[in-house]
Amino acid sequence: MNPRATFLVLTVTMVSAVIPSKLMSQAASDGAPVVSLAEARRRSASVDPDAVAANGRIRTAAWQRRAALADVLTPNLTAGGNYTHFSDPFFNFGTGTISPNATSATLQASYTLLGAGKFGELRSSRAFLQSAEANETVVRFRTAFETDAAYFAVLADRELSRVAADRLRRAREQFGIARARVLAGEAISSDSLQLLLEVNRARLAVLSRDSALVASRLRLGRRIGLAGPADAAPIDTVVPPPLPMTQEQAIAEVRARGPEVDAARADERGANAVLLGARERYLPEITVAATTGAYDAELFPSATKRSQIAVNVAVPIWNGGKRELAVSRARAERDLARAVRADRERGAAEVMAEAYHGYLTSRAGIELALVGVAVSTENYRVQRARYREGATTILDLMEAQVALSESEATLVQSRYSTRLAIAQIEALLGRRIFPTQSTNPEMISEARE
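Residues numbered from 1 in each chain as written. Predicted model: local features only at pLDDT ≥ 70, side-chain atom pairs only at ≥ 80, totals over all residues. Heavy atoms only, no water.

Thoughts on helix 9 (residues 322–388)
Alright, step 1. Along helix 9, the sharpest change in direction is near 40° and occurs at G347.
Alright, step 2. Positive backbone phi, approximately 75°, marks G390, located one or two places after helix 9. (Bend = angle between axes of the 7 residues up to and from the residue. Helix = DSSP H or I, 4+ residues; strand = E, 2+ residues; numbered from the N terminus.)

Okay, structure coming up:
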């Protein structure tokens, strides 16, 4: 063998052997907390800005509902007091005396019998509360879906890092065998150089997968409210069961009570209530008011007490087109909400069918990937044994190595794409299909270590 080539092989071998995966070492030693899937969902629901905003809208809509109901059932009350000192005495009409002081205390109550849009406000407040509750359900499942995606990304990147590490280990092992055969004169130097190239590719794949793992752990930590990384507790890797419903049943359920469809219907009811409230401004406004007061020249008035009752009727005739503008805007919002609701109902079949068949495809992909891993493992074993005996070429061995790594990566991706497909269907239905995957305590212990 050429001495220069021998020196190159030995040098690269030593360098490859002493450079560890720094990112993997860091990921394993930073003491990041390990969370389960259920805990990650719970924590993300309390810190996600969209979820916090949705809960705030529910509280605001509830108070809007209470205020509208109180406006219908109770009068408006106002209490006031006044003390005035003049430079010269004057005749106080409240007390019938001459004094430089004038004091009064009044209590006023008024109630609108008709008009002012109070009944329209009551209807719209009820619709807005229903809309806020429906939108909160949408946001809650959307937040859970995004958390599931971050959670499964950590698990997938961790397994893909292991796959890349196994690829590097096999490449180094075969590189050592090829080097020994070259030195023994049983193979040509290009065999070791081909495997050297595979070692470098495998090392690059390890660095890439470890970098992705670091980023996904930080993303999961952010989702659950941490400033640093978080680890996902391992879940079972069994093939998920078939869906407990047909596609037609799933589509019918989404159209009947899917969160996004319910939210669109609630928005339409709210927009229609606003339109009715705007039209109510054309009605006469009838208000009953009562006032009782005490008048005096002392600080606490008690000399004279008077009460009055008034009935006010105001007929709106023209206010510069403001009512017409409000009605036009409300009608446009109602038409838009109606179109959105109809589009959601029409699109329910499309989105559910896509998610449904996505689950079927990814679930079938797991079974195919399992077969692919078994075939690739056996093929690699045979090619490795044949290469040791000199019965095959280095290209066949490298092809078997790469095929094994790719089949293992495909299996990992199929497993977690299936989990994501389940989460997407659950988000569309607004309910859980399967219970949260159980966690293996021994695997958690290994992840902590």
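After that view of the structure, there is still more to cover.
A closer look at the packing of aromatic side chains
Alright, step 1. Tallied over the full model, the rule gives two aromatic pairs.
Alright, step 2. Residues Y151 and F152 carry aromatic rings whose centres are separated by 6.0 Å and whose planes lie at 85° to one another, so their mutual orientation is edge-to-face.
Alright, step 3. According to the relative accessible area criterion, Y151 is buried, its value standing at 0%.
Alright, step 4. Given a relative accessible area of 3%, F152 falls into the buried group.
Alright, step 5. An angle of 35° between the planes, with centres 6.1 Å apart, marks the rings of F152 and Y416 as tilted. In this pair, F152 is assigned in helix 5 (residues 118–183) and Y416 in helix 10 (residues 394–429), connecting sequence segments 264 residues apart.
Alright, step 6. Chaining the aromatic ring pairs together yields one cluster made of Y151, F152 and Y416. (Phe/Tyr/Trp six-rings, centres within 6.5 Å; stacked < 30°, edge-to-face > 60°. Buried < 20%, exposed > 50% of the residue type's maximum accessible area, 1.4 Å probe, protein only.)

A word on the nonpolar core
Alright, step 1. Within the largest apolar cluster, 22 residues are counted, with the highest numbers of intra-cluster contacts made by Y151, F152, L155, L220 and Y416.
Alright, step 2. Mapped by element, the contributors of at least two residues to this core are strand 1 (34–35), helix 3 (37–47), helix 5, helix 6 (189–223) and helix 10.
Alright, step 3. Ranked by residues supplied to this core, first place goes to helix 5 with eight residues.
Alright, step 4. If you look at the next biggest cluster of nonpolar residues, it comprises 17 residues, including A348, A355, Y359 and L429. (Core = buried A, V, L, I, M, F, W, Y, C linked by side-chain atoms within 4.5 Å.)

Here's the deal with a nonpolar patch on the surface
Alright, step 1. On the surface, a nonpolar cluster with roughly 1,000 Å² of combined accessible area is contributed by L113, L114, L283, V288, I309, V311, V313, V315, I317 and W318.
Alright, step 2. Residue assignment for the nonpolar patch shows that the elements contributing at least two residues are strand 3 (97–114) and strand 6 (304–314).
Alright, step 3. Residue contributions to the nonpolar patch peak at three residues, all from strand 6.
Alright, step 4. In this fold, L113 is placed in strand 3. (Patch = residues over 30% accessible without salt bridge, like charges linked within 9 Å, V, L, I, M, F, W, Y side chains within 5 Å. Areas by Shrake-Rupley, 256 points an atom, 1.4 Å probe, with all protein chains shown as cover. Salt bridge = Lys/Arg side-chain N within 4 Å of Asp/Glu carboxyl O.)

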